[in-house]
Amino acid sequence: QVQLVESGGGLVQAGGSLRLSCAASESSSSINAMGWYRQAPGKQRELVAAITRGGFTTYTNSMKGRFAISRDNAKNTVYLQMNSLKPEDTAVYYCTSGLTLAHIGYGYWGQGTQVTVSS
């Protein structure tokens, strides 16, 4: 059982930046792809971004340009750099995994980290 542990959430003012990290407890095919979903209060969970071991990425269009996903395969860790944050980015951000980008979210999930953006 792979565990995903997120860190880096917190409170930030609009226009600010945060960097989220997610470390997997071990390396396996189940984390070939790693990524981030988010869920705002009263809304459905939505994909933010995902990345493969080889560096292929996918983003939800509304976040592309402000958010950047990266990965350190040696550390089994994925990062989400969030810039120019807006109040509507307030959500719980979840780390997740999958065999491929198409399977992101079908693997393991972290417990989530709260990001709050104040106006």
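Before reading further, recall that the structure is shown in the block above.
Notes on the structure in this doc start here. (Residues numbered from 1 in each chain as written. Predicted model: local features only at pLDDT ≥ 70, side-chain atom pairs only at ≥ 80, totals over all residues. Heavy atoms only, no water.)

Focus on the pairing of strand E8 (residues 77–82)
To keep things clear, this is the line we draw: Relative accessible area decides the class of each residue, using a 1.4 Å probe on protein chains only: under 20% of the type maximum gives buried, over 50% gives exposed, and in between gives partly exposed. Put simply, DSSP marks the helices as runs of H or I at least four residues long and the strands as runs of E at least two long, and each gets a number from the N terminus on. Strand pairing is assigned whenever DSSP detects at least two bridges linking the two strands.
Burial analysis of E8 places five of its six residues in the buried class, which makes it a mostly covered element. Pairing of strand E3 (residues 18–24) with E8 involves six bridges; the strand directions are antiparallel. Bridging from a neighbouring strand, Ser 21 pairs with Tyr 79 of E8. The turn joining strand E7 (residues 67–72) and E8, which pair antiparallel and follow one another in sequence, is formed by four residues; a positive phi near 50° is taken by Asn 76.

Focus on the environment of Ser 27
The condition that has to hold: For this analysis, residues touch if any pair of their heavy atoms sits within 4.5 Å. By the criterion applied in these results, polar contacts are pairs of N or O atoms within 3.5 Å in which, for protein atoms, one can donate a hydrogen and the other can accept it, and in which residues neighboring in sequence qualify only through two side-chain atoms.
Assignment of secondary structure puts Ser 27 in the loop between E3 and strand E4 (33–39). Counting along the chain gives 47 residues from Ser 27 to Ala 74, while the straight-line C-alpha distance between them is 9.0 Å. Beyond its immediate sequence surroundings of up to four residues, Ser 27 is in contact with Arg 53 and Asn 76. A polar side-chain atom of Ser 27 sits 3.4 Å from a polar atom in the side chain of Arg 53.

A closer look at the packing of aromatic side chains
Rules: Stacked, edge-to-face and tilted labels apply to pairs of Phe, Tyr and Trp rings (six-membered ring for Trp) whose centres lie within 6.5 Å, assigned for plane angles under 30 degrees, over 60, and everything in between, in that order.
Under the definition given, this model contains two aromatic pairs. Pairing Tyr 37 with Trp 109 gives two aromatic rings, centres 5.2 Å apart and planes at 50°, and the pair type is tilted. With Tyr 37 in strand E4 and Trp 109 in the loop between strand E9 (91–98) and strand E10 (113–118), this pair connects stretches of sequence that are 72 residues apart. Take Tyr 37: its relative accessible area is 17%, and that puts it in the buried class. A ring pair is formed by Tyr 94 and Trp 109, whose centres lie 6.2 Å apart and whose planes are at 70°; its orientation type is edge-to-face. Of this pair, Tyr 94 sits in strand E9 while Trp 109 sits in the loop between E9 and E10, placing them 15 residues apart in sequence. On the basis of relative accessibility, which here comes to 14%, the residue Tyr 94 falls in the buried class. Pairwise contacts between aromatic rings join Tyr 37, Tyr 94 and Trp 109 into one cluster.

Such coordinate-based values are descriptive only and should not be taken to indicate function.
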